[in-house]
Amino acid sequence: MATPQQPLFDSTRFDPGRTDLPPVELVKSIGRASDVIVGLAESKGRPTLVGATAELEKLAGRGIQLLATLVEQGAQSRVDTIACLNLPGVRVLAVGLGDSLDLSPEDLRRAAGIGVRHTASIASPSPRRIVVSLEASSDAQLQAVVEGALLGSYDFVPLRRHRPTRAIESIGVLSSPRASQQALDAGRSVAHAVCVARDWTNLPANLLGPSDLVEQARSYLKDLRVGVDVLDEHALAKAGFGGILAVGGGSARPPRLLRLDWHPRGARKHLVLVGKGITYDSGGYNLKSAESLLTMKHDMAGAAAVIAATHAIAELGLGVHVTTYAPIAESMISGNAYRPGDVLTIYDGTTVENIDSDCEGRIVLADALARANDDLPDLLVDVATLTGACMIALGTRVGGLMTNEDATADQVLDAAEIAGEEFWQLPITSQIRSQLSSEVADLRSKKDKFGGALFAAAFLQHFVADGTSWAHLDIAGPAWNREAAHGYVPTHATGAGVRTLIALAQSMAS
Ligand code: BES
Ligand code: ZN
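Description of the structure in this document. Predicted model, so just to flag it, every value in this text is computed and none were measured. (Residues numbered from 1 in each chain as written. Chains lettered and ligands numbered in written order. Predicted model: local features only at pLDDT ≥ 70, side-chain atom pairs only at ≥ 80, totals over all residues. Heavy atoms only, no water.)

## A closer look at the sheet that holds strand E14 (residues 351-353)
Now for step 1: Pairing in this open sheet of three strands is mixed, and the strands run E13-E14-E18 from one edge to the other. The sheet is open, and its two edges are formed by strand E13 (343-345) and strand E18 (443-444), each paired on a single side.
Now for step 2: Here two bridges tie E14 to E18, and the two strands are oriented parallel to one another. Its bridge partner being in E18, Val352 is matched across the sheet by Leu443. (Pairing = 2+ DSSP bridges. Helix = DSSP H or I, 4+ residues; strand = E, 2+ residues; numbered from the N terminus.)

Written as structure tokens, this is what we have:
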């Protein structure tokens, strides 16, 4: 009999719907701001301030030349720099915007994020009222500023006994009268979803097992018209999900398959999302190293991304049918754990020789992708912290993109660009595909160390029906920031993938 686990997760301590983001609103003037974020760009060889300069100079009083004073304080136009100037009653933060006044949404997202993150990090006797003044004129620019500002304000607080009182009281965004409230609301929905995905991913595995993540999703989605269906271990066995059951078999906390459905009237396209939900990846009998084990609570970042994106898609009322699967399991070692050498039967009947128990991600995804075919998607996208090999290839800030057709790659890359996330296409070659054969089963789950990200994608592709457009996003790198915060990206969980998925749904909406 398994020893009872601590009944650890008290959801009253952590309600995802109440992720602690400050209120954000459109403002017409600096008003009673305590901090104002402006930009500093180099234009035609000269430093140029972007933002409510005249209003600030008036506030500062006679004789203050804001630009000259900021430059004296060390303000630069170089991207990712910030300088601070205390004027009577207001603090001015000047963020470097680079050498052009032609600012993309991502330039603005970054600048707003750096400004707000910096404000939150300065010790201050009272909560701050921040105004972001970066001349956002189009809706896309305004949405990006709102996203950057809120994402930059993120802090992972639920597990601290003495929660910090919120350092930021409110965020105002100064924008042209043409920018709409709708763009602000969209920015808020997107940022909220990203922050919820971050929170779930930051939660340690003792506090977030498979059924806990399911309950979190249920509670997060309860006010939206999103169908929630959950298969427990008995239902999984009955329906033949041999991959999810094998991977989850070693844990005292049984696996789940979560299915969400957003089906608004008039939707013409069907997008199906699949996210890897390994709440802890010990590696199983192919046990990971001590160093790798330490952060493997984040191996459910793909599931967090698809669930959170579904929330934003429904909250924004996007006119596209979205079905979302999260195969959720904890990969542990015990008398019930699956072994290297075992042969597993996937939902579609494919038999798989399990070469290495640390390949658990592709095994649970195989079950979920095979099930997803039943929904006849127009586009099928999976998101997973799948391979260390992808990080070796692309580094920690760029995700891998693999597809079964080039048009789909373009569609996903376009969405990622709008969302401000970076993916790079890798190929699935016929040579790699030829490595899938096994001597004892239909497929083997691993070959050698060369092209590991490609092999994993080739394995997944086997479970996608012929003729279905499919994209695989390997977010092993960008899902977890091992370094200090940068831009609007905090240290640890980043919420990678959420914004691209929402933009993709938007591109398919009628
Ligand atoms: N969860 C890992 C992938 C990963 C590694 C994510 C590092 C984030 C950071 C995955 O389940 C895994 O263990 N993959 C193995 C596959 C190998 C055994 C073929 C890997 O990448 O080492
Ligand atoms: Zn693994």
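## Some remarks on the packing of helix H4 (residues 139-152) against helix H5 (residues 181-202)
Now for step 1: Viewed as axis vectors pointing N to C, H4 and H5 meet at an angle of 35 degrees, and their least axial separation amounts to 8 Å. With respect to the hand of their crossing, H4 and H5 are arranged in right-handed fashion. Residues Asp139, Leu142, Gln143, Val146, Glu147, Leu150 and Leu151 of H4 form the contact with H5, whose own contacting residues are Ala183, Leu184, Ala186, Gly187, Arg188, Val190, Ala191, Val194, Cys195 and Arg198.
Now for step 2: Split into classes, the residues belonging to the contact of H4 with H5 amount to eleven nonpolar, two polar and four charged. (Axes fitted to C-alpha atoms, helices over the stretch in contact; angles between N-to-C directions. Left-handed = near helix turned anticlockwise from the far one by under 90°. Contact = heavy atoms within 4.5 Å. Nonpolar A, V, L, I, M, F, W, Y, C, P; charged D, E, K, R; others polar.)

## A look at the environment of Leu376
Now for step 1: Following the sequence through the fold, Leu376 ends up in the loop between helix H11 (360-372) and strand E15 (379-384).
Now for step 2: Among the residues examined, Leu376 registers a relative accessible area of 68% and is labelled exposed.
Now for step 3: The sequence separation of Leu376 and Gly96 amounts to 280 residues, and the corresponding C-alpha distance is 47 Å. (Buried < 20%, exposed > 50% of the residue type's maximum accessible area, 1.4 Å probe, protein only.)

## Some remarks on the site of ligand 1
Now for step 1: Contacts to ligand 1 come from 19 residues, most closely from Lys288, Asp299, Asp358, Glu360 and Gly388.
Now for step 2: Within the side chain of Lys276, a nitrogen or oxygen atom sits 3.1 Å from an oxygen atom of ligand 1.
Now for step 3: The separation between an oxygen atom of ligand 1 and a polar side-chain atom of Lys288 is 2.9 Å.
Now for step 4: At the level of secondary structure, the elements contributing two or more residues to the shell around ligand 1 comprise H11 and helix H12 (388-394).
Now for step 5: Looking at the shell around ligand 1 residue by residue, the class counts come to five nonpolar, four polar and ten charged. (Near = heavy atom within 4 Å. Polar contact = N/O pair within 3.5 Å; in protein donor to acceptor, adjacent residues only side chain to side chain.)

## Focus: the packing of aromatic side chains
Now for step 1: Applying the stated criterion to the full structure yields three aromatic pairs.
Now for step 2: With a centroid separation of 5.7 Å and an interplanar angle of 90 degrees, the aromatic rings of Trp200 and Tyr220 are classed as edge-to-face. Of the two residues, Trp200 is situated in helix H5 and Tyr220 in helix H6 (residues 210-221); the sequence distance between them amounts to 20 residues.
Now for step 3: On the basis of relative accessible area, Trp200 is assigned to the buried category, the value being 0%.
Now for step 4: On the numbers, 5.4 Å between centres and 55 degrees between planes, the contact of Phe459 with Phe463 is tilted. Each member of the pair Phe459 and Phe463 is classed as buried.
Now for step 5: The lysine or arginine in question, Arg198, covers the ring of Tyr154, its NZ or CZ lying 5.1 Å from the ring centre. (Phe/Tyr/Trp six-rings, centres within 6.5 Å; stacked < 30°, edge-to-face > 60°. Lys NZ or Arg CZ within 6 Å of the ring centre and 35° of its normal.)

## What about H11?
Now for step 1: In this model H11 runs 18 Å from its N-terminal to its C-terminal C-alpha over 13 residues, within 8% of the 18 Å that 1.5 Å per residue would give.
Now for step 2: Within H11, 13 of the 13 residues are buried, which leaves it mostly tucked inside the rest of the structure. (Expected span 1.5 Å × (residues − 1).)

## Description of the coordination of the zinc ion (ligand 2)
Now for step 1: Distances from the zinc ion (ligand 2) to its protein donors, Asp281 (OD), Asp358 (O), Asp358 (OD) and Glu360 (OE), fall at 2.0 to 2.3 Å.
Now for step 2: Of note is the zinc ion (ligand 2), whose six donor atoms meet at the metal with angles of 73 to 177 degrees in an arrangement that counts as irregular.
Now for step 3: Of note, the donors binding the zinc ion (ligand 2) are all from one chain and are spaced D-x76-D-x1-E. Of this pair, Asp281 sits in strand E11 (residues 277-281) while Asp358 is found in the loop between E14 and H11, placing the two residues 77 residues apart along the sequence.
Now for step 4: The class of Asp358 is partly exposed, set by a relative accessible area of 24%. (Donors = N, O, S within 2.8 Å, 3.2 Å for Na, K, Ca; no water. Tetrahedral: all angles 85-135°; square planar, octahedral: opposite > 155°, others 65-115°.)

## Some remarks on the packing of H11 against helix H15 (residues 452-461)
Now for step 1: Close contact between H11 and H15 brings their axes to 9 Å; oriented N to C, the two are set at 30 degrees. Comparing their axes, H15 and H11 come out roughly parallel. Two packed elements cross with a definite hand, and for H11 against H15 that hand is right-handed. Of the residues in H15, those in contact with Arg362, Ile363, Leu365, Ala366 and Leu369 of H11 are Phe455, Ala456, Phe459 and Leu460.
Now for step 2: Considering only residue class, the contact of H11 with H15 consists of eight nonpolar, no polar and one charged. (Parallel < 35°, antiparallel > 145°, perpendicular 65-115°, else oblique.)

## Concerning a nonpolar patch on the surface
Now for step 1: A contiguous nonpolar patch, built from Tyr285, Leu287 and Ile333 and spanning about 290 Å² of accessible area, is present on the exposed surface.
Now for step 2: When you line up the elements, Leu287 lands in the loop between E11 and helix H9 (290-293).
Now for step 3: The exposure class assigned to Leu287 is exposed, which follows from its relative accessible area of 51%. (Patch = residues over 30% accessible without salt bridge, like charges linked within 9 Å, V, L, I, M, F, W, Y side chains within 5 Å. Areas by Shrake-Rupley, 256 points an atom, 1.4 Å probe, with all protein chains shown as cover. Salt bridge = Lys/Arg side-chain N within 4 Å of Asp/Glu carboxyl O.)

## Points about the side chain of Thr494
Now for step 1: For Thr494, the position within the fold is in the loop between strand E21 (492-493) and helix H16 (498-508).
Now for step 2: Non-local contacts of Thr494, meaning those with residues more than four positions away in its chain, are made with Val194, Arg198, Pro478, Ala479, Trp480, Asn481 and Val489.

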